[in-house]
Each structure stands twice: as C-alpha cells, then as structure tokens.
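If you want the building blocks of each chain, they are given just below.
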Amino acid sequence: MLFAQLTDLHIGFEKNNPDELNFRRVAAAIDYVKGLALPPDRLFLTGDLTDNGDRESYERLRDLISGCAFPVHLCTGNHDDRAAMREVFPDLPMQDGFVQYVIDEPGVRIIVLDTLDPGHHGGAFCHRRAAWLKARLAEVPGLPVLIVLHHPPIETGIPWMTAHPTEPWVVMLDKAIGDRPNVTMITGHIHRSITTQWHGRMLAVAPSTAPQVALEMAPIDPACPDERPMIVAEHPGVALHLWSGEGFVTHHAQVGAPDVLARFDRRLQPLVQALAEEHEVTEPGAAAA
C-alpha cells in the first residue's frame, strides 16, 4: 500500500485572490500525486489546510480534491477551524468534538489525531484525546500503527519552530502511546522535511506545499532581528509512505520537473540487470534454490 501526504496548505493566505500562490502550489502538488505511476491508496492532508480557517478556503480545497480517484483524509492544524471544516466536509469523522478517527487496513491501523488548540500556534493533547487514543491502541494489541497528526512532539533544531520535551501535551501524548512497539508517526507543521526517532518511534515530518521554513538552526533572540531568512520559496513538498507489510518506508519529494540526467535506456540496462541479479542472490532461500 502507498499513502501520500500533503501538509500545511495554507489556502487563503492571500484573501480574495483566486490565483494566490499557496493555492497554485497545492493544486500542483495534488496534480503530482494524481499523476504518480503507482497511484496512492490514500492521501492524508495533515493540517493547516487553510490559513484562517474560513469556509471559502475549505470550499476551494473541497473542489480541488473532488477529482481524486483515491480517498482523501483531513487532519486539523493550528490554522484550522473544526466547525468550518465540518460545515464544508459534513462526513468528517469527529469524536467528542475532536477530529480523530481510525482507518483499518490489512496488517496496520491508522489513527488520525487532533492536536489543535484554538488561538495557539503549538500543539495540544488533553486527557480526553489521550483516553481515546489509548482505547484505540488497546483494540489492536501487537498490530503496527500509523499515527497521523499535525504537530510533531519533537525538538527540531529550528529555534522558532520546535516543541520542548516537557510541554504538557508532549508528555501526555507520549504516555498515551506508552511502550507500544511498531508505531510510526507522520506529521507536518514545520514546513520542512525531518526524520527522527521519538522515544523509539519512527517520526517523519513532511515538507509543506506552502513555502518552506528556512533551515536556520542558530539560536534566535526575539528582541534582536538579525535579517536571517525565515521563509523560502522551495518547491512544494510531497511525502509518500510505502507500507511493506512490516513497516513504512517514507520518501519526500519536491513538486516540479527536475532536469533528467539519466534514463533507463540501453546504457543503463546492464547496471539495472546486475542489481536485479544481485538482489535475487541475496534473497532468503536463493542460495538453496
């Protein structure tokens, strides 16, 4: 199975501009996903779907994804509004007022979490959300789990876009997951591609479709603007998560046609054949055959 992920769309950043940059970048990313040679089984949009949580921007998103031949699943971010989302997407699953739900696939459970705290930039995870997550995990003991959420509960190294390990919501989420093995987490929010381990769990942050956050890791003094780059016009990002049957393999790609330096032609055929033969030799049981 292949799951695609787009995050931090921020539609409506330029109000009353039907041709705004963010919308064009989202449209290009969705076209990229729709054009994949191996189409995804599902597409996850992991929060900050709009910039201001307004109904018009959600309607534009609804129209944009209506042509997708695969299911599209929504997740809340700190720029989103649950009520407006539900108005435009009336079938959006909600539990106890939160956009949280489960998708079961053969061999893996997917759990979408809601880390929205209205009026705040950072994440939130309360006792009610934690209790719901614990219950959903307990229903499938031993089964691999993919947790989908907007805010990554990690220190990123980018000083103005990070979470501290002692923040209450980070501690609450960690305790809710507990020592359960084989948990993979995919997130957004940072507007950069990041991969790490969080308390033994694989965690991948997808790059945004909106402009990216500059990779600047030097300490920042809020009282002293130092002219550092903050937002940069890198290409829109896409994450692809391949389920192997045992775990996830994550790829991050940029939208836009790169210069092709090599193709699979007769010159490269010997290399591809040699690699294929080498793989056959190293397959379990190949030597015995």
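Scroll up a little and you will see the structure.
Here's what I pulled together on the structure shown here. None of these values were measured; they are calculated from a predicted model.

## Quick look at the pattern of salt bridges
Summed over all chains, the structure comprises 15 salt bridges. Notably, a salt bridge pairs Glu59 with Arg55, separated by 2.9 Å at the nearest N-O pair. Within this pair, Glu59 and its partner Arg55 are both found in helix H2 (residues 55–65), separated by four residues, close to a single helical turn. In this structure, Asp114 engages Arg82 in a salt bridge whose closest nitrogen and oxygen atoms are separated by 2.7 Å. With Asp114 in the loop between strand E5 (108–112) and helix H4 (127–138) and Arg82 in helix H3 (residues 82–88), this residue pair connects regions lying 32 residues apart in the sequence. On the accessibility criterion, Asp114 (0% relative accessible area) is buried. One connected set of salt bridges, linked through shared partners, spans Asp104, Arg109, Arg136 and Glu139.

## Observations concerning the sheet that holds strand E2 (residues 42–46)
Read from one edge to the other, the open sheet built from five strands follows the order E3-E2-E1-E12-E13, with strand pairing classed as mixed. The open sheet has two edge strands with one neighbour each: strand E3 (72–75) and strand E13 (248–254). Sheet twist, expressed as the mean angle between neighbouring strand axes with direction ignored, is 20°. Direction of pairing for E2 relative to E3: parallel, over a ladder of four bridges. Bridge pairing links Leu43 to Val72 in E3. Each of strand E1 (2–6), strand E12 (237–243) and E13 is contacted by helix H1 (residues 21–34), which is oriented at about 175° to E1, the strand it contacts most.

## Overview of the packing of H4 against helix H5 (residues 168–177)
With their axes 9 Å apart at the nearest point, H4 and H5 run at an angle of 20° to one another. Classified by the interaxial angle, the pair formed by H4 and H5 is roughly parallel. The two elements H4 and H5 cross, and the hand of that crossing is right-handed. On H5, the residues touching His127, Ala130, Leu133, Lys134 and Leu137 of H4 are Met172, Leu173, Lys175, Ala176 and Ile177. Here the residues of the contact of H4 with H5 are counted per class, giving seven nonpolar, one polar and two charged.

## A closer look at the environment of Gly119
If you trace the backbone, Gly119 turns up in the loop between E5 and H4. You can call Gly119 exposed: its relative accessible area is 81%. Taking the C-alpha atoms as reference, Gly119 lies 8.5 Å from His79; in sequence the two are 40 residues apart.

## Section: the sheet that holds strand E8 (residues 194–198)
Overall, mixed pairing links the six strands, which are arranged E4-E5-E6-E7-E9-E8 in an open sheet. Here the strands that pair on one side only, and so sit at the sheet edges, are strand E4 (101–105) and E8. If you compare each strand with its neighbour and ignore which way they point, the axes differ by 20° on average. Contacts between H4 and the sheet are confined to E4, E5 and strand E6 (145–148), with E5 contributing the most and set at about 170° to the helix. Packed onto the sheet, H5 meets E6, strand E7 (183–187), E8 and strand E9 (201–205) and runs at close to 65° relative to E8.

## Structural notes on the side chain of Asp114
Reaching out from Asp114, the side chain makes a polar contact with the side chain of Arg82 at a distance of 2.7 Å. Side-chain polar atoms of Asp114 contact the backbone nitrogen of Leu116, separated by 2.9 Å. When near neighbours in sequence (up to four residues on either side) are disregarded, Asp114 contacts Thr76, Arg82, Phe98, Val99, Gln100, Ala124, Phe125 and Arg129.

## Observations concerning the nonpolar core
Core analysis: the biggest nonpolar cluster contains 44 residues, and Leu6, Leu45, Leu61 and Phe89 have the highest contact counts within it. Take this core: its biggest share by element is six residues, from H1. In this view, Leu61 contacts Leu9, Ile11, Leu45, Leu49 and Phe89; residues no more than four positions away in its chain are not counted. Ranked by size, the runner-up nonpolar core spans 28 residues in total, among them Val145, Ile177, Met185 and Ile194.

Quick notes on the rules
- Residues numbered from 1 in each chain as written.
- Predicted model: local features only at pLDDT ≥ 70, side-chain atom pairs only at ≥ 80, totals over all residues.
- Heavy atoms only, no water.
- Salt bridge = Lys/Arg side-chain N within 4 Å of Asp/Glu carboxyl O.
- Helix = DSSP H or I, 4+ residues; strand = E, 2+ residues; numbered from the N terminus.
- Buried < 20%, exposed > 50% of the residue type's maximum accessible area, 1.4 Å probe, protein only.
- Pairing = 2+ DSSP bridges.
- Axes fitted to C-alpha atoms, helices over the stretch in contact; angles between N-to-C directions.
- Contact = heavy atoms within 4.5 Å.
- Parallel < 35°, antiparallel > 145°, perpendicular 65-115°, else oblique.
- Left-handed = near helix turned anticlockwise from the far one by under 90°.
- Nonpolar A, V, L, I, M, F, W, Y, C, P; charged D, E, K, R; others polar.
- Polar contact = N/O pair within 3.5 Å; in protein donor to acceptor, adjacent residues only side chain to side chain.
- Core = buried A, V, L, I, M, F, W, Y, C linked by side-chain atoms within 4.5 Å.

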